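Geometric and topological summary
Residue strings, one per chain:
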Amino acid sequence: MASIVSVVDESRFGQLGKALTFLVWLALASALCWSETVWRDEVRALSLALQGDHFADMLRQMHGEGHPAIWYILLRAAYVVVGSPVVLKVVALTIAAAAAYLLVFRLKLPLSIMLLSLFGSFSVFEYAAMSRNYGISMLIIFLIVLAWQKGARKGLLSGLLFALLANTNVHSVVLVGGFLTYWFFDLVLARPRPSSRAYRDFAIAGASAAVGVVLCFLTVYPTFNDTGQNDLSGENFALLALRALALASSHFLSFYPDGILGLMVADPLAFRIFAALMSVLIYGSLLGLANRRPTMIAAALVLLGLSLLFTLVYPGGYRHQALWLVFMIAMTALTTDIQHDGAGVAGATAASRIVKVGRLCFMILLALQVVSAVEKVNRTFVAEIPFSRSKDFGAFIQSRPDLKDAIIMADPDYLVEALPYYVSNRTYLLREERFGAIVRYTRSARLSLSLADILQSARGLQQSEKVPVVILLSQRLDQITAPVSLRESYVWRLSLTPEDISAFQSATELVKRFGPAAGSDETYDAYILK
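All of these numbers come straight from a predicted model, not from anything done at the bench.

1. A closer look at the environment of F274
Tracing the chain through its elements places F274 in helix α14 (residues 268-287). Sequence separation of F274 and M264 is 10 residues, and the distance between their C-alpha atoms is 7.4 Å. Once residues lying within four places of it in the same chain are set aside, the contact partners of F274 are Y256, I260, L263 and M264.

The structure is reproduced here in structure tokens:
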């Protein structure tokens, strides 16, 4: 009886600890979310979601944007109910909280890995405080693992989740392939052989996943953001692919905190040392799955798949790279699943040591993400350096009644994309020569601009619209003393000469210089055309 009471007390204590852990995460993620200034990529999605008179019209207009539809559908639906841009943060935080709940209470993970995953930068900031579509991937991945841990690896349910995952973002298509790879090898290597029904469920799930992948690509391609893709002209495709496969870990250096990344940029020797260390940590982490070979194979293929995607299609930022960490967490949960004893479970002492080394590498990787999260907390609450200056600019505009009808233009154009969250002023896109708040990264736009071109466009708008014109410039003109041609965004260029700068300064008034932004380039000088 005493032993039974002890087990019950331990269970209650464990549940209380998990509840407190989750509440700490929720408080931290909420504080970061509501303190964080939204930036262009977040508001761009909301602007796209609010296009058109109805859902079908919205889906038609977002075709070719570069992302599948689920995030936009959720934002549009939430906005219909709430009617405020605040839905951007509410939806993102709600999704992240659901994923965090599954991570803490439902997934079977070692306590250390659960805690490090929960308080890593991707979980507490990138997929929670930042209002993007990648948090949905984490939620669906955890739902798949939860269903499988409960023994519900059914064709229709798994296929539906795969199809949904494929339509969260393009990168998650690779993750769908990873889950199918795991499932395939778990069937093939299983002893005794699974029943024919197990293979039928796999086929149904694979077919459903294929439908989801096709729907994703029909939504995304052909893209109108043709400058946003990697330019492979003149490159040897086969050589690029081989390099991506051989040096996969080189595409995941953003796993390091900003402090280490800064050191790597400043010192070539430090770069080589830390790049080599990252290779050890990433490939070593795969060994942590050696006690269940299908999980290790799947995680390795996802690593290579994302590396190929970053090399051949889109460059990968931290939010994309961290999807591999989430997949690794999922595979780790499956290796601790005692309800379904899959293929390749190794009981030998040597294999156990390999798994421990691999788990240590993975825990170090996750610990680095916690350090990154600490940096984000320090930046937000101690240094108080925002991710974007769009909120500050919105406050400035609202403090100036004479500018309530002003037209706002910027160079680079994308600086205006975050503004609709804070102000209702019309925005003008210089390179596309049209009003709008959604930049199209197309080669049919004006790829090269001069300061004289910007001034001419501003004067034309002032004359035709009869309202003030505010110009935002990311370049500090008083710091430029010689002719320069600067690269902006993917293929844009801005030309500046002392003569053009003098003419621009004579025709405008510098009304506000905003301070630095941490993590983005969204800071600028604000000018008003005289």
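2. Some details on the pattern of salt bridges
All told, the structure shown has 20 salt bridges when counted by the stated rule. With a shortest N-O distance of 4.0 Å, D186 and R292 are connected by a salt bridge. With D186 in helix α10 (residues 171-188) and R292 in the loop between α14 and α15 (293-312), this pair connects stretches of sequence that are 106 residues apart. Across the pair, exposure class does not vary: D186 and R292 are buried alike. Linked through salt bridges whose partners overlap, the residues forming this network are R476, D478, R513 and D525.

3. Overview of unusual backbone geometry
A cis amide bond, omega 0 degrees, links R191 with the succeeding residue P192. Here P192 shows up in the loop between α10 and α11 (196-220). Here the amide bond leading from D411 into P412 is cis, since omega sits at 0 degrees, within 30 degrees of zero. Structurally, P412 is set in the loop between β1 (407-411) and β2 (427-429). With a phi angle near 55 degrees, E384 is a residue other than glycine that sits in the positive phi range. Looking at where E384 falls in the secondary structure, it is placed in the loop between α17 (349-382) and α18 (390-398). Even without glycine at this site, E433 takes up a positive phi of about 55 degrees.

4. Digging into the sheet that holds strand β8 (residues 508-513)
In spatial order, the strands read β3-β2-β1-β5-β9-β8; together these six strands make up an open sheet with mixed pairing. The sheet terminates laterally at β3 (434-435) and β8, the two strands that pair on one side only. Sheet topology places β8 next to strand β9 (residues 525-529); five bridges connect them, and they run antiparallel. For L510, the partnering residue across the bridge sits in β9 and is Y527. Against the sheet, helix α20 (residues 498-507) contacts β5 (469-473), β8 and β9, and its axis sits at roughly 85 degrees relative to β8.

5. Structural notes on the nonpolar core
Judged by nonpolar contacts, the single largest core of 144 residues is most densely connected at W25, F179, W324 and F393. W324 has contacts with F252, F255, I282, S285, L286, A299, V302, L303, L306 and L365, leaving out every residue within four places of it along the chain. The next biggest cluster of nonpolar side chains, apart from the first, holds 23 residues, and it includes Y428, L449, L451 and L494.

6. Details of the side chain of R431
The residue R431 is located in the loop between β2 and β3 in this model. You can call R431 buried: its relative accessible area is 1%. Polar contacts involving the side chain of R431 include one to the main-chain carbonyl oxygen of L447, which spans 2.8 Å. The residues contacting R431, other than those within four sequence positions of it, are D411, D413, A445, R446, L447, S448, L449, E488, W492, R493 and L494.

7. Concerning the packing of aromatic side chains
One pass over the structure, following the stated rule, counts 32 aromatic pairs. Pairing F255 with Y318 gives two aromatic rings, centres 6.5 Å apart and planes at 90 degrees, and the pair type is edge-to-face. Placement of the pair is F255 in the loop between α12 (237-246) and α13 (258-266) and Y318 in helix α16 (residues 318-335), with a sequence separation of 63 residues. Since its relative accessible area comes to 0%, F255 is described here as buried. The buried category is assigned to Y318, whose relative accessible area is 13%. Here the guanidinium or amino end of R153 rests over the ring plane of W148, the centre of that ring lying 5.4 Å away. The aromatic ring of F514 is capped on one face by K512, whose charged end is 5.8 Å from the ring centroid.

What counts and how
- Residues numbered from 1 in each chain as written.
- Predicted model: local features only at pLDDT ≥ 70, side-chain atom pairs only at ≥ 80, totals over all residues.
- Heavy atoms only, no water.
- Helix = DSSP H or I, 4+ residues; strand = E, 2+ residues; numbered from the N terminus.
- Contact = heavy atoms within 4.5 Å.
- Salt bridge = Lys/Arg side-chain N within 4 Å of Asp/Glu carboxyl O.
- Buried < 20%, exposed > 50% of the residue type's maximum accessible area, 1.4 Å probe, protein only.
- Pairing = 2+ DSSP bridges.
- Axes fitted to C-alpha atoms, helices over the stretch in contact; angles between N-to-C directions.
- Core = buried A, V, L, I, M, F, W, Y, C linked by side-chain atoms within 4.5 Å.
- Polar contact = N/O pair within 3.5 Å; in protein donor to acceptor, adjacent residues only side chain to side chain.
- Phe/Tyr/Trp six-rings, centres within 6.5 Å; stacked < 30°, edge-to-face > 60°.
- Lys NZ or Arg CZ within 6 Å of the ring centre and 35° of its normal.

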